[in-house]
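As a plain string of letters, each chain reads:
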Amino acid sequence: MNGNTATDFRNPAYVRKAGMTALQKELGAVGAVYFLRQFENGKGNYTEERDRLLDGITFDELMKNVRELDKLNG
């Protein structure tokens, strides 16, 4: 991964290796792992779960809850 050579970013193996090297250099091994964890695949059906959780809640109730949480978090 030399800056003086042609780079083939279409090669997935190269891009993964270069990306991991950059992450580890900038964040360290532990930081790189925490960063990568942010992009894990979710499970279930977000739309169905959201609809179930928000069923019957009005916009005003939602905003009231947001404001209450905002107060708690300072």
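Small disclaimer: the values here were computed from a predicted structure and weren't measured.

**Observations regarding a nonpolar patch on the surface**
- Nonpolar side chains collect at one region of the surface, where L53, L54, I57, F59, L62 and V66 lie side by side and expose about 540 Å² of accessible area between them.
- Broken down by secondary-structure element, the contributors of at least two residues to the nonpolar patch are α2 (46–54) and α3 (59–72).
- For the nonpolar patch, the leading source of residues is α3, giving three residues.
- Mapped onto the secondary structure, F59 falls in helix α3.

**A word on α2**
- Among the residues of α2, the N-terminal cap falls to N45, whose side-chain oxygen and the backbone nitrogen of T47 are separated by 3.0 Å.
- Positioned one or two residues after α2, G56 has a phi angle of 85°, which is positive.

**Focus: the packing of aromatic side chains**
- Inspection of every chain in the model, using the stated rule, returns two aromatic pairs.
- For the pair F9 and Y14, a centre-to-centre distance of 6.0 Å together with 65° between the ring planes defines the contact as edge-to-face.
- Owing to a relative accessible area of 60%, F9 belongs among the exposed residues under this scheme.
- Both rings, one in F35 and one in F39, keep their centres 5.2 Å apart while their planes meet at 65°; by these two values the pair is edge-to-face.

Definitions and limits used
- Residues numbered from 1 in each chain as written.
- Predicted model: local features only at pLDDT ≥ 70, side-chain atom pairs only at ≥ 80, totals over all residues.
- Heavy atoms only, no water.
- Patch = residues over 30% accessible without salt bridge, like charges linked within 9 Å, V, L, I, M, F, W, Y side chains within 5 Å.
- Areas by Shrake-Rupley, 256 points an atom, 1.4 Å probe, with all protein chains shown as cover.
- Salt bridge = Lys/Arg side-chain N within 4 Å of Asp/Glu carboxyl O.
- Helix = DSSP H or I, 4+ residues; strand = E, 2+ residues; numbered from the N terminus.
- Polar contact = N/O pair within 3.5 Å; in protein donor to acceptor, adjacent residues only side chain to side chain.
- Phe/Tyr/Trp six-rings, centres within 6.5 Å; stacked < 30°, edge-to-face > 60°.
- Buried < 20%, exposed > 50% of the residue type's maximum accessible area, 1.4 Å probe, protein only.

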